[in-house]
Amino acid sequence: MSMASALRGPYLTRRLLQLYIGLAVYGVSSALLVRGGLGLEPWGVLHQGLAELTGLTIGVVSIIVGAIVLLLWVPIRQRPGLGTVSNVFVIGIAMDATLTLVPELDGLMPRIPLMVAGIVLNGVATGLYIAARFGPGPRDGLMTGLHRLTGRSIRLVRTAIEVAVVVTGFLLGGSLGVGTVLYALSIGPLAQFFLRVFAIPAQQDGSASVASPTPKQAILRR
């Protein structure tokens, strides 16, 4: 679906609101996981490791990595949507903004609620922006493109990418911990639940309906 065709049809205002609120909340959720200090989501581990290495903010690193991943779409013939391009910038900006507002915390007890809030909000954000149907994020487009190109299962391709990302990020100094494990176990069910909550009614506007989210949609995160 082209960007032009995505910007037509009923529910457009709602879809745009869901897209940008979802992406902003995703950035907030990632920042809360950073401040929780108990482990990040897989790509967050890489972003934090690169931030430690380069001295850039983690939000800026997220934008740079997203742009690089988007360039990898060219040889695998993936087509970006409005949500794809917006994903690159909005999440990183929201993440850095949140990190300037939320201070670092000492002690385990105040950090646990931040970790839990970060994971749950990540699920909310995923449901919001995917249900808006403006295209997958750069990282998920890479996953689905490699799935189509290689013929390997989505599960295998996703696992291979995220293992490589986590290991690289950890070796660079990214935070790997109980939050990473809890995120991996809970984000699928959370995303699928919130996809249903924020599903936009089926319509005949040339775009795919999300009235009944599929398991494949539920794993398309970032």
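As shown above, the structure is provided for reference.
Residues numbered from 1 in each chain as written. Predicted model: local features only at pLDDT ≥ 70, side-chain atom pairs only at ≥ 80, totals over all residues. Heavy atoms only, no water.

Draft legend 1. Quick peek at unusual backbone geometry. Even without being glycine, Arg77 reaches a positive phi, approximately 60°. Following the sequence through the fold, Arg77 ends up in the loop between helix H4 (58-71) and helix H5 (82-101). (Helix = DSSP H or I, 4+ residues; strand = E, 2+ residues; numbered from the N terminus.)

Draft legend 2. Structural detail: helix H7 (residues 138-150). In this model H7 runs 18 Å from its N-terminal to its C-terminal C-alpha over 13 residues, within 8% of the 18 Å that 1.5 Å per residue would give. All buried positions along H7 are accounted for by Pro138, Arg139, Asp140, Gly141, Leu142, Met143, Thr144 and Gly145. Those residues of H7 that are buried lie in contact with helix H3 (42-54), H4, H5, helix H6 (108-131) and helix H8 (154-171). (Expected span 1.5 Å × (residues − 1). Buried < 20%, exposed > 50% of the residue type's maximum accessible area, 1.4 Å probe, protein only. Contact = heavy atoms within 4.5 Å.)

Draft legend 3. Representation of the pattern of salt bridges in the model. Tallied over the entire structure, the rule returns 3 salt bridges. Note that Glu104 is salt-bridged to Arg35, the shortest N-O span being 4.0 Å. Taken together, the positions of Glu104 in the loop between H5 and H6 and Arg35 in helix H2 (residues 12-36) put the pair 69 residues apart, joining distant regions of the chain. By relative accessible area, Glu104 is classed as exposed at 66%. Salt-bridge contacts for Asp140 lead to Arg158; the nearest nitrogen and oxygen are separated by 3.3 Å. In this pair, Asp140 is assigned in helix H7 and Arg158 in helix H8, connecting sequence segments 18 residues apart. Take Asp140 and Arg158: they sit in the same class, and that class is buried. (Salt bridge = Lys/Arg side-chain N within 4 Å of Asp/Glu carboxyl O.)

Keep in mind these numbers describe shape, not what the thing actually does.
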